[in-house]
Amino acid sequence: SEQYELVCQVNGKVRDRVQAPGDAGPKVLKDLCRAAPNVIPHVQGREIVKEIVVPGKLVNIVVR
């Protein structure tokens, strides 16, 4: 399976990029982004309101 660069955003701002498998489902992509080193400080201790997944491109995590 091929891999691609998945863009991880928090509140619409790019925070990190991670390698994701080409056949990964939305849940796997969300987990990859939540575990990205530069995303963790922006979501830690905050409420996740929504997670938008665009397969093959990006995951946007909306926090409050």
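Our subject is the structure that appears above.
Now for a quick tour of the structure. A quick note: this is a predicted structure, and the numbers were derived from the prediction, not measured. Starting from 1, residues in each chain are numbered consecutively following that chain's sequence as written. Local features are withheld for residues below a pLDDT of 70 in this predicted model, meaning they are given only at 70 or higher, and side-chain atom pairs are given and counted only at 80 or more; totals for whole chains, interfaces and linings count all residues. The basis for the side-chain values is all heavy atoms of the structure; hydrogens and waters are excluded.

## Things to note about the nonpolar core
Argument step 1. Within the largest apolar cluster, 15 residues are counted, with the highest numbers of intra-cluster contacts made by Leu6, Leu29, Cys33, Val39, Val43, Val59 and Ile61.
Argument step 2. Secondary structure elements with two or more residues in this core: strand E1 (3-10), strand E2 (13-21), helix H1 (26-34) and strand E4 (58-63).
Argument step 3. Secondary structure follows DSSP: runs of H or I at least 4 residues long count as helices, runs of E at least 2 residues long count as strands, and numbering of each begins at the N terminus. Among the elements that line this core, the one with the most residues is E1, at four residues.
Argument step 4. Here, two residues are considered to be in contact whenever any of their heavy atoms come within 4.5 Å of each other. Sequence-distant contacts of Leu29, defined by excluding residues within four places in its chain, comprise Tyr4, Leu6, Ala20, Ala24, Val53, Pro55 and Val59. Among the buried residues, those of types Ala, Val, Leu, Ile, Met, Phe, Trp, Tyr and Cys that are joined through side-chain atoms within 4.5 Å form a nonpolar core. When accessible area is computed with a 1.4 Å probe and restricted to protein chains, residues below 20% of their type maximum are described as buried, those above 50% as exposed, and intermediate ones as partly exposed.

## A short note on the environment of Val63
Argument step 1. Along the chain, Val63 falls in strand E4.
Argument step 2. We classify Val63 as buried; its relative accessible area is 8%.
Argument step 3. As a C-alpha pair, Val63 and Gln44 span 19 residues in sequence and 9.6 Å in three-dimensional space.
Argument step 4. Dropping the residues within four chain positions of it, Val63 is found in contact with Val10, Asn11, His42, Val43, Arg46, Glu47, Ile48 and Val49.

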